[in-house]
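Descriptive analysis of the structure
Read off the chains here:
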Amino acid sequence: MIRIQSVAPHSLGAELGLVAGTELLAVNGRALEDFLDWEFLTADERFLLAARLPTGQGIEYDIERPEGLPMGVTLEPPRIRRCANHCDFCFVDGNPEGLRAPLYIRDDDYRLSFRYGNFATLTNLKPWDVERIVEYRLSPLYVSVHATDPTIRRWLLRNPEAPDIMPLLRMFAERGIAFHTQVVLVPGINDGAQLARTLGDLYGLGAPILSVSVVPVALTEFSKRQLVREPTREDCRAALATVDQFATRALGERGAPWCHGADDLYLQAGEPLPPAAWYGDFEQRENGVGSVRYLQTRIAAARERLPGLGGRRVGVVTGTAMGPLMPLVLADLAATTGARFELIVVSNTLFGPSVTTAGLLPAGAIERALTDGAGADLDFVVLPAEAVNDDLRFIDDVTADDLAARLPAPMHLSYDFADVLSECGMRSVECGIDLPASSQDVGLPHRNGHNHSAFHIPQG
Ligand code: SF4
């Protein structure tokens, strides 16, 4: 059973008399378990819906709807599938107290993998889940592989029951499911020969493995550092050499690199990022893979739309990871708009300096940086939109409105600068605090939960 959270006015759902609190029981006699059933089973133009109104009255609707006409129904958020693993590098274990509540949930949910691109390990699938993935064609899925050697993978996941990933991927691949995959690189465990084996095994599965990323493990001050360490520069260089080897082979044999290092891997290795074209459609940009080049590409594409902001002083907040790279981006923006961009690199005071992504910056650290002088005389300041969830709350549970009220300059949330700069130019920097449209999702958790690689939320 699933329950309606809200119904859009004047929608088909409202016409039928559906209201918040209505329980949706079955479609064409098939019980509804979650939003996937709802979406897939109601995709036909005609279906029978069994429901129970909040009054307790059972009712059956014979629904006909023209193709594409939405029901206008928002469902209550689903119960998230919990994780069966206990990785030493787990994001949740590395969380201090006082964060947004969802950040303490170890989710491992193939449904969110399909919907949002959250990485799942597929270690908690029941036979029924396997059937649904195939029946509903939940493809592509995003899978944390980490290692294809079953023993190594079980060690990394701290789960002796974890199924062998290769037969599972092969079985799905034969049934038409494709995957984006990742390897969180844990030095001494799945690097070196293990990394080469993992990439080789995944490459051998052929076209259904759409991409693989290698992401260096990131830890906080609260992580189990006695059990797992971060890679050194040499570890990162060695991993990049393996990545390059497979990327070069894939480029020659398949016409695309297929295998990518995360931006962090290049940064930590002290090596330059590949050009934008290397990343194709930037399929793993939300996993921190090509996110810098993606940002530059978006700015270049918006050049015509960007207004003249001559003489304006614009603060740009970012985390320490993007600090060395952001001048590249800001130089393009300054040349196009005439504005003066002041880069404000904020260290993460909540998780510790090892957590460098802008998407995990707490409001408290941003406030301190801007009120300590960096925010003086700015016309406005641009903050990474990835740092807030759908409720506009930062990771330390401070709302964007509350932070804005404490800052010495108007603030705007942005994914790629172009989204707010064009607006600000038109409205004399009075645009409100809101998420740029691309992030709006309803009824499900913001995808900024975690991705099993600890902290590779995209940086802006
Ligand atoms: S990192 Fe992901 S897979 Fe590992 S224990 Fe945490 S939630 Fe589970």
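Residues numbered from 1 in each chain as written. Predicted model: local features only at pLDDT ≥ 70, side-chain atom pairs only at ≥ 80, totals over all residues. Heavy atoms only, no water.

Quick look at the packing of helix α10 (residues 291-301) against helix α11 (residues 326-337) now. Relative to each other, α10 and α11 sit at 5°, their axes nearing to 10 Å. Taken as axis vectors, α10 and α11 run roughly parallel relative to one another. Mapping the contact onto sequence places R293, L295, Q296 and I299 in α10 and L328, V329, D332 and L333 in α11. The residue inventory of the contact of α10 with α11, partitioned by class, reads five nonpolar, one polar and two charged. (Axes fitted to C-alpha atoms, helices over the stretch in contact; angles between N-to-C directions. Helix = DSSP H or I, 4+ residues; strand = E, 2+ residues; numbered from the N terminus. Parallel < 35°, antiparallel > 145°, perpendicular 65-115°, else oblique. Contact = heavy atoms within 4.5 Å. Nonpolar A, V, L, I, M, F, W, Y, C, P; charged D, E, K, R; others polar.)

With that out of the way, let us pick up the environment of G17. Tracing the backbone shows G17 in the loop between α1 (12-16) and β2 (23-27). On the basis of relative accessible area, G17 is assigned to the partly exposed category, the value being 34%. Between the C-alpha atom of G17 and that of N287, which follows or precedes it by 270 residues, the distance is 42 Å. Apart from residues no more than four positions distant in its own chain, G17 is found in contact with L53 and Y61. (Buried < 20%, exposed > 50% of the residue type's maximum accessible area, 1.4 Å probe, protein only.)

Next up on the list: the sheet that holds strand β11 (residues 313-319). Strand order in the open sheet formed by four strands is β12-β11-β13-β14, and the pairing between neighbours is parallel. The open sheet has two free edges, formed respectively by β12 (340-346) and β14 (411-414), since each of these has just one partner strand. Across the sheet, the mean angle from the axis of one strand to that of its neighbour is 25°, orientation sign disregarded. With three bridges joining them, β11 and strand β13 (residues 380-384) adopt parallel strand pairing. Looking at β13, one finds that V316 is bridged to V382. Seen against the sheet, α11 touches β11 and β12 and runs at an angle of roughly 160° to β12. (Pairing = 2+ DSSP bridges.)

Once that is clear, we can look at the sheet that holds strand β8 (residues 179-185). Reading across the sheet, the four strands line up as β7-β8-β9-β10 and stay open at both edges, with parallel pairing between neighbours. At either end of the open sheet lies a strand with only one pairing partner, and these are β7 (141-144) and β10 (259-261). Across the sheet, the axes of successive neighbouring strands diverge by a mean angle of 20°, strand direction being ignored.

What follows deals with a negative patch on the surface. A grouping of D44, E45, E64 and E67 is seen on the molecular surface, where their side chains present a negatively charged patch. With respect to the helices, strands and loops of the structure, E45 is situated in the loop between α2 (35-41) and β4 (46-52). (Patch = residues over 30% accessible without salt bridge, like charges linked within 9 Å, V, L, I, M, F, W, Y side chains within 5 Å. Areas by Shrake-Rupley, 256 points an atom, 1.4 Å probe, with all protein chains shown as cover. Salt bridge = Lys/Arg side-chain N within 4 Å of Asp/Glu carboxyl O. Lys, Arg positive; Asp, Glu negative; His and termini not counted. Charge placed at Lys NZ, Arg CZ, Asp CG, Glu CD.)

It is worth stressing that arrangement in space is one thing and function is another; only the former is reported here.
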